[in-house]
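# Descriptive analysis of the structure
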Amino acid sequence: MQERVTTALLGALNGAREKGQLKTTAWPTLSLDAPKRPEWGDLASTVAMSLASSEHKAPHDIAQIIVENLPQREQLFDRVEIVHPGFLNLTVKAALWQEVLRQIELQGDRYGRAAIGTGRRVLVEYVSANPTGPLHVGHGRGAAVGYAVVRLLNAIGYDAVGEYYINDAGRQMKLLGASVYARYQELSGRTVEFPEDGYHGSYITAVAQQLKEQLDLVAAELTPVDLETRCRSLAYQKLLGLIRDDLQSFGIEIQSWFSEASLLESRAIERALDELKARELLFQQEGAWWFRASMYGDEKDRVVRKQDGEYTYLASDIAYHHDKLRRGYDLLIDVFGADHHGYIPRMHAVMQAYGHPKDRLHVVLVQLVKLLRDGVEVKMSKRTGEFITMREVIDEVGADAAKFYFLMRDSKTHLEFDLELAKQRSADNPVYYVQYAHARICSLWRVASARGISRPSAGGTDLSVLTDPDELGLIKKLSSYPEVIQASALAFEPHRVTYYLQQLAALLHTFYNKHRVLPPEIEQENNESGPGEVLTPKRTAARLVLMGAVQQVLRNGLEVLGISAPEQM
RNA sequence: GCGCCCGUAGCUCAGUCGGAUAGAGCAUCAGCCUUCUAAGCUGAGGGUCGCUGGUUCGAUUCCAGCCGGGCGCACCA
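What counts, and where the lines are drawn
Residues numbered from 1 in each chain as written. Chains lettered and ligands numbered in written order. Predicted model: local features only at pLDDT ≥ 70, side-chain atom pairs only at ≥ 80, totals over all residues. Heavy atoms only, no water. Helix = DSSP H or I, 4+ residues; strand = E, 2+ residues; numbered from the N terminus. Contact = heavy atoms within 4.5 Å. Areas by Shrake-Rupley, 256 points an atom, 1.4 Å probe, with all protein chains shown as cover. Lys, Arg positive; Asp, Glu negative; His and termini not counted. Charge placed at Lys NZ, Arg CZ, Asp CG, Glu CD. Buried < 20%, exposed > 50% of the residue type's maximum accessible area, 1.4 Å probe, protein only. Phe/Tyr/Trp six-rings, centres within 6.5 Å; stacked < 30°, edge-to-face > 60°. Bend = angle between axes of the 7 residues up to and from the residue. Near = heavy atom within 4 Å. Polar contact = N/O pair within 3.5 Å; in protein donor to acceptor, adjacent residues only side chain to side chain. Nonpolar A, V, L, I, M, F, W, Y, C, P; charged D, E, K, R; others polar. Pairing = 2+ DSSP bridges. Axes fitted to C-alpha atoms, helices over the stretch in contact; angles between N-to-C directions. Parallel < 35°, antiparallel > 145°, perpendicular 65-115°, else oblique. Left-handed = near helix turned anticlockwise from the far one by under 90°. pLDDT = per-residue confidence, 0-100.

## Some remarks on the overall build of chain A
Across its full length, chain A holds 21 helices and 17 strands. Referenced to the eigenvectors of the C-alpha coordinate spread, the extents of chain A come out at roughly 90 × 65 × 40 Å. Put simply, 71% of the contacts in chain A that link residues at least 6 apart link residues at least 24 apart. With an accessible surface of roughly 26800 Å², chain A has 49% of that area assigned to carbon and sulfur atoms. Each charge sign in chain A was given a centre, from 65 positive and 73 negative side chains, and these centres are 2 Å apart.

Quick look at the structure:
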């Protein structure tokens, strides 16, 4: 609908220019908002006001010119008004709104999808937690956001893939091995010194316990060093398996897993750095190799290879992003925890060092989650290994509620997550509010079929009876859904969808309480379906079509976020 | 000290490519189920959009400076 009106406005502007009434060559972007007050029409444009300065005309006069040149004015609009100082308020014909319902029925699951990104490949890297322990709540938010971003991009035509970068090389892995080794020794009655920066979490002991039998078999044949190495690889597999399981229970499907260690094995790090050397973007100083990040806006140059010959984490990351580019992705997205924001400039520098624009990489920041229980903060400490795991949250509140909560707020702002609140099956919990709207409509189908009323198709139903403000309000909301999806996807901001769904659900609940869709079971004298209206079969049919469209959009919206749409609650 | 993010109702937060009287949920108060799911609805109260300047016909939105909160500034990952 917005598209149709925008086209008409553009036609008016071009028409006026041909007649010499307007001179501006490049029109500003025509944005149409739904005005706050119903008497201001369905859609409003501020274009006349923004043209005022370049045209040297009063906004009101420009608006007048636009109105005079508006093509198909009679067919499209019931009312066209100019309001001081130059608002153009348009009231679209009800018949056109009703048309939206036919479109939704026709497009079904595809309603809201678009082809904007067709032919462009995107790689979204998210979670990427070290496989040295279970995922915690913060990872859960990153997972929900990353997954939703992938689905949103796919919805508007991009070929987007989610990838998990496994940090399975370097110091953290060594520490993991040493920690498990120490716990294993303890379990076998020997005492060894626990590594200084080792992992203290109780899950390490649990892993050691689980591996004990396996390790006992080989313990006698291996040197302590080899045994520790064995601990490392077994613990790594175990923990990565747990992470995969956790993500699966959370309903997150990650298409691709990329191992950091594979970069070392394949000498990809060397090759990636050689390429930088060839471009004279590496230099040696004090026995270390440095990347000239400062040439591309980072605050200083960064070490990629230490004095002792070891690569830094940045070296792996350079090679990893180099690899992503080589794999031919048009856009790279990294979902980072906000505590890594200092890393962004150097990654942008990497992009440019390889000759790409820096916005070829977009970083989505996800702020930390403040976990509460009954309003009291639950403290987490990485050092002692005491933290709330993602698994605990899923078990306690369910995957749907957890996802919705994580996606409710702009990911770059802090999020309070109250476990008790998220668990409550009440108005306090927005996910149920939205799902309930969906289930209520499904219930209509059940009752209708029990009473022998079949579901009408939009094409074969007279929708002209849908003129009530509540009905038109719902339709207008439905018609803006595709725009919401596009804007949300292009901004990488899934929270816009959760917000939209809550608004749509609110309109549905209001409608549902105020108006009837199906006739009452028993014939009644009073056959009112709402204030001053009579429920005729015609009205029932039209409203069923409307309900079907609302259900479709609720389902599509939940689907794109990876949240279920239950038929019964 | 430098850099990034945030500051909107008592609380948690939407909104902001500059627009008309700033929104939702929670909490508080008052109502609504013999008829399609009350996990719902209706109404009421509640705001110097952190502060001060600037740009503009118009600023919560853009710019600058301050104040407050979070995070980051390794030859760690």
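## Things to note about unusual backbone geometry
Between His84 and Pro85 the backbone carries a cis peptide bond, its omega angle lying at 0°. For Pro85, the position within the fold is in the loop between strand S3 (77–83) and strand S4 (87–92). Non-glycine residue Arg267 carries a positive phi angle of around 60°. Positioned with a positive phi, Glu286 is a non-glycine residue whose angle comes to about 50°. Taking relative accessible area as the criterion, Glu286 reaches 61% and is therefore assigned exposed.

## So, the packing of aromatic side chains
The tally for this structure, following the rule as stated, stands at twelve aromatic pairs. With 4.6 Å between their ring centres and 25° between their planes, Tyr164 and Trp257 make a pair best called stacked. Residue Tyr164 is found in strand S6 (residues 159–166), and its partner Trp257 is found in strand S7 (residues 256–259); the two are separated by 93 residues along the sequence. Take Tyr164: its relative accessible area is 0%, and that puts it in the buried class. Where Tyr165 meets Phe258, the ring centres are 6.3 Å apart and the plane angle is 35°; that geometry is what we call tilted. Taken together, the positions of Tyr165 in strand S6 and Phe258 in strand S7 put the pair 93 residues apart, joining distant regions of the chain.

## Focus on helix H8 (residues 202–219)
The largest bend in H8 amounts to roughly 55° and is located at Lys212. Among the residues of H8, Tyr203, Ile204, Val207, Ala208, Leu211, Leu215 and Val218 are the ones counted as buried. Looking at the packing, one finds that the buried side of H8 touches helix H7 (171–187) and helix H9 (224–249).

## Things to note about the protein's contact with RNA strand B
Phe87, Lys306, Tyr436, Ser443 and His515 are the nearest of the 69 residues found near RNA strand B. Within the side chain of Arg171, an N or O atom sits 3.4 Å from a sugar or linking oxygen of RNA strand B. In the model, a base nitrogen of RNA strand B is placed 2.8 Å from a nitrogen or oxygen of the Tyr512 main chain. At the level of secondary structure, the elements contributing two or more residues to the surface near RNA strand B comprise helix H2 (47–55), S4, H7, strand S9 (288–291), strand S15 (415–418), helix H17 (430–450) and helix H20 (495–514). Here the surface near RNA strand B gets nine residues from one element, more than from any other, and that element is H17. Grouping the constituent residues of the surface near RNA strand B by class yields 27 nonpolar, 23 polar and 19 charged.

## Here we look at the side chain of Thr498
Tracing the chain through its elements places Thr498 in helix H20. Among the polar contacts made by the side chain of Thr498, one reaches the main-chain carbonyl oxygen of Leu407 at a distance of 3.1 Å. If we skip the residues at most four places from it in the chain, Thr498 touches Phe404, Leu407, Met408 and Leu561.

## Some thoughts on the sheet that holds S3
If you walk across this open sheet you meet the four strands as S1-S2-S4-S3, and the pairing is antiparallel. Edge positions in the sheet fall to strand S1 (32–33) and S3, since each of these pairs with one other strand and no more. Relative to strand S2 (residues 43–45), S1 runs antiparallel, the two being bridged by two bridges. If you follow Leu32 over to S2, its bridge partner there is Ser45.

## Here's the deal with the packing of helix H18 (residues 469–479) against H20
Angle between the axes and distance between the axes are the two parameters that describe a pair of packed helices. One way to put it is that H18 packs onto H20 with a least axis distance of 10 Å and a crossing angle of 160°. By the criterion of interaxial angle, the relationship of H18 to H20 is roughly antiparallel. For H18 against H20, the interelement crossing comes out left-handed. Here H18 contributes Asp470, Glu471, Gly473, Leu474, Lys477 and Leu478 to the contact with H20, which in turn contributes Tyr500, Gln503, Leu504, Leu507, Leu508, Phe511 and Lys514. Counted by class, the contact of H18 with H20 contains seven nonpolar, two polar and four charged residues.

## Thoughts on the sheet that holds strand S14 (residues 376–377)
Here we have three strands laid out as an open sheet, ordered S14-S13-S15, and mixed in their pairing. Each end of this open sheet is capped by a strand with a single partner; those strands are S14 and S15. When strand S13 (residues 369–373) meets S15, the two strands line up parallel, connected through four bridges. From the neighbouring strand, Leu372 faces S15, where its bridge partner is Asp418.

## A few points about the confidence of the model for chain A
In this model, chain A carries a mean pLDDT of 90, and residues with pLDDT of at least 70 account for 96%. Here the predicted complex carries an ipTM of 0.94, next to a pTM of 0.93.

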